[in-house]
Amino acid sequence: MREQYRSEPLAEKALAATPMEQFAHWFQQAVGAGLDEPNAMVVATATPDGRPSTRTVLLKAYDGDGFVFFTNYESRKGTELAANPHVSLLFPWHRIARQVIVTGTAARVSRAETAAYFRTRPHGSQLGAWASDQSRPIASREELTTAYDDLAARYPEGEKVPVPPHWGGFRITPETVEFWQGHQNRLHDRLRYTSTGPGAWSVERLNP
């Protein structure tokens, strides 16, 4: 299976001054193209001895400081990031023949930031954050739904659900950000920003 990508070339002179500005530009184009969940990203983590794991999560915020997602801190990715903060993100925008690939380090966001985001989640998602011991074995789906139903009875719709102490956000501070644009004959554009100091970036072109 093979597809010939047809896209406009990505030139250095067209890039924004910083990778987060360039990401914002591409992200809005991905949204405008009607992609399903353009904020879906693959998060790659690793144990201290280098054993990797990946999963798809949803980006919930981005700004000049990096990319933010939320999770159970006791999940596999949470415990791996606690032991080894080095992380990679991949935004796979296949329909528009683009990828954004990030490497950087993860740190927990403040509890205030976590609480502010938690309050925006649907009531059922708030309960789900309590019901699931994410990444841990469970005997059956019924055990999970029973835990959820018990929580729903304790905190009915309209009742304030407390923020789980084991749940919160990570901010990924980028060290490199690569913008990949697919083209015919595998002559893809790959332009990578690399941090050279606080607020400073260099850009290099990579062979496809």
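As a starting point, this report considers the structure included with it. Because the structure is a prediction, the values reported are computed rather than measured. (Residues numbered from 1 in each chain as written. Predicted model: local features only at pLDDT ≥ 70, side-chain atom pairs only at ≥ 80, totals over all residues. Heavy atoms only, no water.)

Side note on the overall build of the chain
Tallying secondary structure elements over the chain gives five helices and nine strands in all. Beginning at the N terminus, the succession of helices and strands in the chain can be written as α-β-β-β-β-α-β-β-α-α-α-β-β-β. The principal-axis extents of the C-alpha atoms in the chain amount to approximately 55 × 40 × 35 Å. Each of the 208 residues in the chain was classed as buried or not, and the buried ones make up 38%. Counting contacts in the chain only where the partners sit at least 6 residues apart, residues at least 24 apart contribute 65% of the total. Just so you have it, the chain exposes about 11700 Å², and 51% of that area is on carbon and sulfur atoms. (Helix = DSSP H or I, 4+ residues; strand = E, 2+ residues; numbered from the N terminus. Buried < 20%, exposed > 50% of the residue type's maximum accessible area, 1.4 Å probe, protein only. Contact = heavy atoms within 4.5 Å. Areas by Shrake-Rupley, 256 points an atom, 1.4 Å probe, with all protein chains shown as cover.)

Thoughts on the side chain of Asn39
Residue position: Asn39 is located in the loop between helix H1 (19-32) and strand S1 (40-46). The class for Asn39 is buried, based on a relative accessible area of 18%.

Overview of the environment of Lys160
Relative to the assigned elements, Lys160 resides in the loop between helix H5 (141-154) and strand S7 (167-181). On the accessibility criterion, Lys160 (63% relative accessible area) is exposed. Taking the C-alpha atoms as reference, Lys160 lies 9.6 Å from Gln126; in sequence the two are 34 residues apart. Ignoring anything within four residues of it in the chain, the contact list for Lys160 reads Arg119 and Tyr155.

Looking at unusual backbone geometry
For Ser135, which is not a glycine, the phi torsion comes out positive at approximately 80 degrees. With phi around 65 degrees, Arg186 is a residue other than glycine that occupies positive phi space. Within the element layout of this structure, Arg186 appears in the loop between S7 and strand S8 (189-197).

What about the packing of aromatic side chains?
Evaluation of the coordinates by the stated rule reveals 17 aromatic pairs. Judged by centre distance (5.9 Å) and plane angle (40 degrees), the ring pair of Phe69 and Phe170 falls under tilted. In this pair, Phe69 sits in strand S4 (residues 66-72) while Phe170 sits in strand S7, placing the two residues 101 residues apart along the sequence. Judged by relative accessible area, Phe69 falls into the buried class, the value being 0%. Given a relative accessible area of 4%, Phe170 falls into the buried group. Joined through ring pairs, the aromatic side chains of Phe23, Phe27, Tyr62, Phe67, Phe91 and Trp93 make up one cluster. We note Arg98 situated over the ring of Trp26; from NZ or CZ to the ring centre the distance is 4.0 Å. (Phe/Tyr/Trp six-rings, centres within 6.5 Å; stacked < 30°, edge-to-face > 60°. Lys NZ or Arg CZ within 6 Å of the ring centre and 35° of its normal.)

Overview of the pairing of S7
With 13 of 15 residues buried, S7 is to be regarded as a mostly interior element. Bridge count for S4 against S7 is six bridges, and the pairing is antiparallel. The partner of Thr71 across the bridge, within S7, is Gly168. Across 11 bridges, strand S6 (residues 98-108) lies against S7 in antiparallel orientation. Bridged to Thr103 within S7 is Thr176. Bridge count between S7 and S8: six bridges; the pairing is antiparallel. (Pairing = 2+ DSSP bridges.)

Considering the environment of Ala40
Assignment of secondary structure puts Ala40 in strand S1. Ala40 gets classed as buried once you look at its relative accessible area, which sits at 16%. Separated by 57 residues in the primary sequence, Ala40 and Ala97 place their C-alpha atoms 15 Å from one another. Not counting chain neighbours up to four residues away, the residues in contact with Ala40 comprise Thr56, Val57, Leu58, Leu90, Phe91 and Pro92.

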